[in-house]
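Per-entry structural report
Each chain, letter by letter, is given below.
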Amino acid sequence: NPYFPFTLQQEWKFTSWLLHSRLSLTTIDSFLALDIVSQGSPLSFHMGKQLCACAEVLPSGPAWLCEELEPKSPTKHPVCLFYCQLLKCLQSLLSHPLLALHISFIPQKVWTSVARVSLQDALPPGTTVLGVVLSSDKMNISVMTGNCVAHPVLISLANINASI
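Structural notes, computed from the coordinates. (Residues numbered from 1 in each chain as written. Predicted model: local features only at pLDDT ≥ 70, side-chain atom pairs only at ≥ 80, totals over all residues. Heavy atoms only, no water.)

1. Considering helix α1 (residues 9-20)
The following threshold applies: The way it works is that DSSP assigns letters per residue, a run of H or I at least four long becomes a helix, a run of E at least two long becomes a strand, and they are numbered from the N terminus. Expected helix span is taken as 1.5 Å per residue step, with the number of steps being one fewer than the number of residues. Between two residues, a contact is recorded if the distance between any of their heavy atoms is within 4.5 Å.
Over its 12 residues, α1 runs 16 Å from end to end, which matches the ideal 16 Å to within 8%, given 1.5 Å per residue. Looking at the buried residues of α1, the elements they touch are α2 (25-33) and α4 (48-57). Arg22 sits one or two positions beyond α1 and adopts a positive phi of about 65°.

2. Points about the packing of α1 against α2
Stated formally: Axis definition: a line fitted to C-alpha atoms, over the contacting stretch in the case of helices. Angles run 0 to 180 degrees between N-to-C directions. Note: crossing handedness is left-handed where the near helix turns anticlockwise from the far helix by less than a right angle, and right-handed where it turns clockwise. Each residue gets one label: Ala, Val, Leu, Ile, Met, Phe, Trp, Tyr, Cys and Pro are nonpolar, Asp, Glu, Lys and Arg are charged, and the others, such as Gly, are polar.
At their nearest, the axes of α1 and α2 sit 11 Å apart, and the two run at 145° to each other. The handedness of the crossing between α1 and α2 is right-handed. Along the contact surface, α1 presents Phe14, Trp17 and Leu18, while α2 presents Ile28, Phe31 and Leu32. For the contact of α1 with α2, a count of residues per class yields 6 nonpolar, no polar and no charged.

3. Here's the deal with the packing of α2 against α4
Heads up, the condition is: Note that the term roughly parallel is reserved for angles under 35 degrees, roughly antiparallel for angles over 145, roughly perpendicular for angles of 65 to 115, and oblique for everything else.
Following both chains from N to C, one finds α2 and α4 inclined at 105°, their axes separated by 8 Å at the closest point. The orientation of α2 relative to α4 falls into the category roughly perpendicular. Each of Leu25, Ile28, Asp29 and Leu32 in α2 lies in contact with α4, whose residues at this interface are Gly48, Lys49, Leu51 and Cys52. Residue composition of the contact of α2 with α4, grouped by class: 5 nonpolar, 1 polar and 2 charged.

4. Here's the deal with the packing of aromatic side chains
Put simply, the rule is: Stacked, tilted and edge-to-face are the three classes applied to pairs of Phe, Tyr and Trp rings, where Trp contributes its six-membered ring and a pair requires centres within 6.5 Å; stacked means planes under 30 degrees apart, edge-to-face means over 60, and tilted covers the rest. For each residue, the accessible area found with a 1.4 Å probe, counting protein chains only, is set against the maximum for its type, and the residue is called buried under 20%, exposed over 50%, and partly exposed in between.
Tallying each qualifying case throughout the model produces 3 aromatic pairs. Ring geometry for Phe6 and Phe45: centres 6.4 Å apart, planes at 80°, overall edge-to-face. Of this pair, Phe6 sits in the segment before α1 while Phe45 sits in the loop between α3 (35-38) and α4, placing them 39 residues apart in sequence. With a relative accessible area of 0%, Phe45 lands in the buried category. Through a chain of ring-to-ring contacts, three or more aromatic side chains come together here, namely Phe14, Trp17 and Phe31.

5. Some details on unusual backbone geometry
Located in the positive-phi region is Arg22, a residue other than glycine, with phi close to 65°. Looking at the element boundaries, Arg22 is found in the loop between α1 and α2.

6. Focus: the nonpolar core
As a reminder of what qualifies: For our purposes a nonpolar core is just a set of buried Ala, Val, Leu, Ile, Met, Phe, Trp, Tyr and Cys residues, chained together by side-chain atoms within 4.5 Å.
Counting 11 residues, the largest nonpolar core consists of Tyr3, Phe6, Trp12, Leu18, Ile28, Leu32, Val37, Leu43, Phe45, Leu51 and Cys54. Core analysis: the second largest hydrophobic core is formed by 6 residues, Leu90, Leu93, Leu99 and Ile160 among them.

Take a look at the structure:
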């Protein structure tokens, strides 16, 4: 079940909305007690505390790490590199319930060079290559940072349908 600990995508979306709504636990309890909610689709939780307990079971995304770099030339402010571990990011993408229906694992030969085709031919039967897509661009961060600049590296998988 890609929506564990919830039973359906509908319940997962409803739970996500509740958790992002900034409602207090008392307000969530009152909302869940409404007849239209309690007599509608069966939910895995009936109180705000149960909702939070279900949310704590969900896997967290990859942790952010920070390293302070020492540039060759002096700077006014320290240069910090914020990053996540690549494999943990890819695992997070592969296990995300909203992407489950949009990831293709059908093996395809997409490379043209002889060396790359032989690499794909060397894979065991039933396996496929995950294409990692990286991109970067300069981004100005001007709100309360003194016009700092960041160069984020964005990561995705070629196995994810580009139409979403």
